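Survey of secondary and tertiary structure
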Amino acid sequence: MSAGPPKGFSVELRLSGEDEGARRRQRSGPFVFTYTAEGSLRYSAKPLFGLALAYVAARVERLDSLVGFPEPVAEQLFAAAEARRKFAEPGDGLRALRTFTRAYGARVLRALCLRGRYLVISEKLEEIKSFRELTCLDLSCCKLGDEHELLEHLTKEALSSVTRLLLKDNCLSDAGLRKMTAPVRVMKRGLENLSVLDLSCNPKITDVGIGYLLSFRKLNCLDISGTGLKDVKAVVQRIEVQLGLVHSKVPLKEFDHSTCKTEGWAEQTILQWEQLVMEAIKPKKNLQCRRAARHFYGKRCRIEEQVTCTLVEVETKATGNLQFYKEKTQNCHAPLLKKEAAVSHELKKNKKRVLAEQETERTSKHMCLTMEDWDLLNSY
């Protein structure tokens, strides 16, 4: 007589010709089948909330609005749709993402790091533009240039909440800074809340472009190392006088790019986009054969090592460290200074006031709007 079935075993019933999709739908049905310690089959119903959440997540692109919907439930719905890679789908993914960003803003994403991910920006530009109420945006080493659509989007009302903007090594020039600062200079809109700005390693930015940055009155930290300044001493003096910033002798931690990370519900969504882009640019199977053929004929690859921008290195060495920060205000209950120190401080204060007046008179004629400025403002 044969022994009975062992305790704790599981059985899966299959019909002949049944496909994998049918089995998956069966496993994800409304019931959960388990075996008791005695070996008898037992089934229980799945929670109704889980069933409803899975149903909506599979069709999240059909939602019209989530405004007023409970935030904890919305976060679970976003995670369920993200697990199904719904936001990575072309067309439907953008529609679903906009539904969440319109309702929850910074909850979906409050900090976005796209450092060196210019391919992700190129493939998912519209999705990136759908994010609202960002406070930190890192676009370093993306080679965007002055005419890139994302640079224009920075001046929109949706990104007026940005306080930290990192644009290191983006091939920017004075024209790009003029466009970026036009709404702030005239309408007091756009990036008016900016406190940390990194424009280092942009050799085409000159003394003229630095003048546009003086409209950012809330700046606490500024990095213009590696730019194409002609009169570095004069630029440093203008920044210290008009923005109240101090030239730092050592690198500032605010420009340590490792501290900027993507934060929010959509963290995994950004990683999914990057994975899709990397899969799309994977080398073909015959790449090794081509490499062997080039080696046989004595030919070299067109690009064998990472190309460094020698122009940026030269400009960085020429200008040195040009990072600025705003000193903290002294405590009003601090001990009184000596009389000599007080007199010296008053003299320095008067000197700064005179320099500020001279600078205002010198630059007042440059504050007039040109026809290009008016055309640019009319486009908003």
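What you see is a predicted model, and the numbers here were worked out from it, not measured in a lab.

Here is what the cut-offs are and how they apply
Residues numbered from 1 in each chain as written. Predicted model: local features only at pLDDT ≥ 70, side-chain atom pairs only at ≥ 80, totals over all residues. Heavy atoms only, no water. Helix = DSSP H or I, 4+ residues; strand = E, 2+ residues; numbered from the N terminus. Buried < 20%, exposed > 50% of the residue type's maximum accessible area, 1.4 Å probe, protein only. Areas by Shrake-Rupley, 256 points an atom, 1.4 Å probe, with all protein chains shown as cover. Axes fitted to C-alpha atoms, helices over the stretch in contact; angles between N-to-C directions. Parallel < 35°, antiparallel > 145°, perpendicular 65-115°, else oblique. Left-handed = near helix turned anticlockwise from the far one by under 90°. Contact = heavy atoms within 4.5 Å. Expected span 1.5 Å × (residues − 1). Arc of directions from axis to C-beta. Salt bridge = Lys/Arg side-chain N within 4 Å of Asp/Glu carboxyl O. Pairing = 2+ DSSP bridges. Disulfide = S-S within 2.5 Å.

Some words on the overall build of the protein chain
- Looking only at helices and strands, the protein chain features 15 helices and nine strands.
- Counting over 380 residues, the protein chain shows a buried share of 37%.
- Looking at the protein chain as shown, the accessible area adds up to about 24200 Å², and 55% of this sits on carbon and sulfur atoms.

Focus on the packing of helix α3 (residues 71-83) against helix α4 (residues 92-104)
- Remark: α3 packs on α4, axes separated minimally by 12 Å, with the N-to-C direction vectors making an angle of 155 degrees. On the basis of their axis angle, the class for α3 and α4 is roughly antiparallel. As for how α3 packs across α4, the hand of that crossing is left-handed. Touching E71, A74, L77 and F78 of α3 are L97, F100 and Y104, all from α4.

Describing helix α11 (residues 267-280)
- Look at α11: 21 Å from first C-alpha to last across 14 residues, which is about the 20 Å you get at 1.5 Å a residue.
- Residues of α11 that are buried: T269, I270, Q272, W273 and V277. Considered in projection along α11, the buried side chains sweep an arc of 160 degrees and stay on one side of the axis.
- Buried residues along α11 sit in contact with α3, α4, β3 (111-113), α5 (118-123) and α6 (125-129).

Let's talk about the pattern of salt bridges
- Tallied over the entire structure, the rule returns 13 salt bridges.
- A salt bridge links E71 to R107, with the nearest nitrogen and oxygen atoms 3.2 Å apart. Taken together, the residues span a long stretch of sequence, with E71 in helix α3 and R107 in the loop between α4 and β3 at a distance of 36 residues.
- Here the salt bridges do not stand alone but share partners, grouping R98, E126, K129 and E149 into one network.

Quick word on the sheet that holds strand β6 (residues 196-198)
- Reading across from one edge, β3-β4-β5-β6-β7-β9-β8 is the order of the seven strands in this open sheet, with mixed pairing throughout. If you trace the sheet from one side to the other, it starts and ends with β3 and β8 (246-247), each paired once.
- Where strand β7 (residues 221-223) lies against strand β9 (residues 323-325), three bridges are found, and the strand directions are antiparallel. In the sheet register, C221 faces β9, and the bridge partner there is Y325.

Details of the state of the cysteines
- For the structure on display, the rule yields zero disulfides.
- In this model C141 remains outside any disulfide bridge; the closest cysteine sulfur is found in C142, 7.2 Å from its own.
- Judged by its relative accessible area of 32%, C141 is partly exposed.
- Of all cysteine sulfurs in the structure, the one in C136 sits closest to C260, which takes part in no disulfide; the separation is 3.1 Å.
- On the accessibility criterion, C260 (3% relative accessible area) is buried.

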